[in-house]
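Coordinates in review
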Amino acid sequence: ETGNVAEVFDKFLDWCQTHRSRRTYEWSKGHIQAFCDHLPTARMPATDLHPYHVAEWVDSKDTWGANQKRGAIVAVTRPPARFATILNRQLRRLC
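Now for a description of the structure that goes with this document. (Residues numbered from 1 in each chain as written. Predicted model: local features only at pLDDT ≥ 70, side-chain atom pairs only at ≥ 80, totals over all residues. Heavy atoms only, no water.)

Now for the packing of helix α3 (residues 51-59) against helix α4 (residues 66-77). Between α3 and α4, whose axes approach to 10 Å, the crossing angle comes to 145°. When you trace α3 past α4, the crossing you get is right-handed. Between α3 and α4, the residues in contact are Val54, Trp57 and Val58 and Lys69, Ala72, Ile73 and Val76, respectively. Tallied by class, residues from the contact of α3 with α4 come to six nonpolar, no polar and one charged. (Axes fitted to C-alpha atoms, helices over the stretch in contact; angles between N-to-C directions. Helix = DSSP H or I, 4+ residues; strand = E, 2+ residues; numbered from the N terminus. Left-handed = near helix turned anticlockwise from the far one by under 90°. Contact = heavy atoms within 4.5 Å. Nonpolar A, V, L, I, M, F, W, Y, C, P; charged D, E, K, R; others polar.)

Inspection of the entire model under this criterion finds four aromatic pairs. Centre to centre, the rings of Phe35 and Trp57 are 5.3 Å apart; their planes meet at 65°, and the pair counts as edge-to-face. Of the two residues, Phe35 sits in helix α2 (residues 22-38) while Trp57 sits in helix α3, which places them 22 residues apart along the sequence. Summarising the burial analysis for this pair, Phe35 and Trp57 share the class buried. Between Trp57 and Trp64, the aromatic rings sit 5.6 Å apart at their centres with planes inclined by 85°, giving edge-to-face as the arrangement. One exposure class covers both Trp57 and Trp64, and it is buried. Through pairs of rings, three or more aromatic residues link up here, namely Phe9, Phe35, Trp57 and Trp64. (Phe/Tyr/Trp six-rings, centres within 6.5 Å; stacked < 30°, edge-to-face > 60°. Buried < 20%, exposed > 50% of the residue type's maximum accessible area, 1.4 Å probe, protein only.)

Bringing helix α1 (residues 5-19) into the picture now. Each turn of an α-helix holds 3.6 residues, which means side chains three or four residues apart point in the same direction. Helix length check: α1 (15 residues) gives 21 Å between terminal C-alpha atoms against 21 Å at 1.5 Å per residue, within 8%. The backbone nitrogen of Ala6 lies 3.1 Å from a side-chain oxygen of the residue at the head of α1, namely Asn4. (Expected span 1.5 Å × (residues − 1). Polar contact = N/O pair within 3.5 Å; in protein donor to acceptor, adjacent residues only side chain to side chain.)

In this section: the side chain of His53. Within the fold, His53 resides in helix α3. Judged by relative accessible area, His53 falls into the buried class, the value being 8%. Those residues in contact with His53 that sit more than four places away from it in its chain are Phe35, His38, Leu39, Met44 and Asp48.

On the secondary structure map, Glu26 appears in helix α2. On the accessibility criterion, Glu26 (39% relative accessible area) is partly exposed. When the C-alpha atoms of Glu26 and Cys16 are compared, they prove to be 9.4 Å apart, with ten residues separating the residues in sequence.

As structure tokens, this is what we get:
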């Protein structure tokens, strides 16, 4: 069982807080929270998350430049490989 999107991100952020710098944790948390706020619900099953969710979120950020968009994509595709691997394969086309 993969869990829902929020649970997977929470597990990743717990790991990040322990194993990465505070700055990396805060950077990841900010992007992940913004992404989850953009979703219809962060309680949707992680297996229902699709690359278009990320693309729509990034595309909605009119003031972001290419580097900021790339960083946001990296931040939300780092979580555990259960669904990040699926997203990464398909999102490579966006970068």
